[in-house]
Amino acid sequence: MALLIALVLGASACGHAQRPERKTYVVSEDATGVGTAEGPGTGGSGADAYCGEVQKQCFQKCWRRKPSVEDLPKHSESHHRLCTSQCLDAFMKCVEEQKALERQDAKRELQFPNMAVAVDWLREHKSEVALGTVVVVAGVAFTLAVAPAGLLVLLPI
């Protein structure tokens, strides 16, 4: 009977998730593609770059078209100011939307039983997560970040 209890206790000890060390874990060698999926997930430090691209595309589209204001010559200085103003508004609106998404994502946390499962899932779904997302692994909290070398990492909180 004692042998049976020892086997059960030994087996059950292996059944619980081991807590990961409080160290930095590399998710990917390259952070490219994080938060690129449609919808939430483009927040974090990529928001300015994303919104900058939105502004650039807005300006190019505006500049190619005839101005919406009557008697304004195409490709004139006034046309340039009009496009700059309209696209600055688009940039500011984008930044506000990204901040709202970032706040929404900050409230969401991902939970995994162990680090291997967490890292595998994050590698497969990195376009769906935002930098700063809280990832809980076996009860230990981490945040998704980009290291100075451009690595996508999980940092302990």
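Structure's up top.
Residues numbered from 1 in each chain as written. Predicted model: local features only at pLDDT ≥ 70, side-chain atom pairs only at ≥ 80, totals over all residues. Heavy atoms only, no water.

1. Here's the deal with helix H2 (residues 47-64)
Spacing of three or four residues puts side chains on the same side of an α-helix, whose turn is 3.6 residues. Helix length check: H2 (18 residues) gives 26 Å between terminal C-alpha atoms against 26 Å at 1.5 Å per residue, within 8%. What H2 keeps buried is the set Ala47, Cys51 and Cys62. The arc that holds the buried residues of H2, viewed along the axis, is 35°, so those residues lie on one side. Exposed residues on H2 whose side chains face more than 90 degrees from its buried face are Ala49 and Arg64. (Helix = DSSP H or I, 4+ residues; strand = E, 2+ residues; numbered from the N terminus. Expected span 1.5 Å × (residues − 1). Buried < 20%, exposed > 50% of the residue type's maximum accessible area, 1.4 Å probe, protein only. Arc of directions from axis to C-beta.)

2. Some details on the packing of aromatic side chains
For the coordinates displayed, the defined rule picks out three aromatic pairs. Measuring from centroid to centroid gives 5.9 Å for Phe59 and Trp63, while their planes differ by 15°, and the two rings are stacked. Of the two residues, Phe59 and Trp63 are both situated in helix H2; the distance of four residues between them amounts to about one turn of the helix. (Phe/Tyr/Trp six-rings, centres within 6.5 Å; stacked < 30°, edge-to-face > 60°.)

3. Examining the state of the cysteines
Within this structure, the stated rule accounts for three disulfides. The disulfide partner of Cys51 is Cys94, and the S-S distance across this bridge is 2.2 Å. Because the sign of the S-S torsion sets the handedness, a value of about -80° for the bond joining Cys51 and Cys94 places this disulfide among the left-handed ones. One end of the pair, Cys51, is in helix H2; the other, Cys94, is in helix H3 (residues 77-107), with 43 residues separating them in the sequence. Like Cys94, Cys51 is buried. In the protein chain, the bonded cysteines, numbered by position in the sequence, are linked as 1-6, 2-5, 3-4. (Disulfide = S-S within 2.5 Å.)

4. Quick notes on the side chain of Thr143
Its place among the elements puts Thr143 in strand S4 (residues 140-146). Polar contacts involving the side chain of Thr143 include one to the main-chain carbonyl oxygen of Gly132, which spans 3.3 Å. Discounting residues that sit within four places of it in the chain, Thr143 has contacts with Gly132, Thr133, Val153, Leu154, Leu155 and Ile157. (Polar contact = N/O pair within 3.5 Å; in protein donor to acceptor, adjacent residues only side chain to side chain. Contact = heavy atoms within 4.5 Å.)

5. Considering the sheet that holds strand S1 (residues 25-28)
Spatial strand order, S1-S5-S4-S3-S2: five strands in an open sheet with mixed pairing. This sheet does not close on itself; its edge strands, each paired only once, are S1 and strand S2 (109-112). Taking the axes of each pair of neighbouring strands and ignoring which way they run, one obtains an average angle of 30° across the sheet. Direction of pairing for S4 relative to strand S5 (residues 152-156): antiparallel, over a ladder of five bridges. Residue pairing for S5: Leu144 is matched across the bridge by Leu154. Against the sheet, helix H4 (residues 115-124) engages S1, S2, strand S3 (134-137), S4 and S5, with an angle of about 30° to S1. (Pairing = 2+ DSSP bridges. Axes fitted to C-alpha atoms, helices over the stretch in contact; angles between N-to-C directions.)

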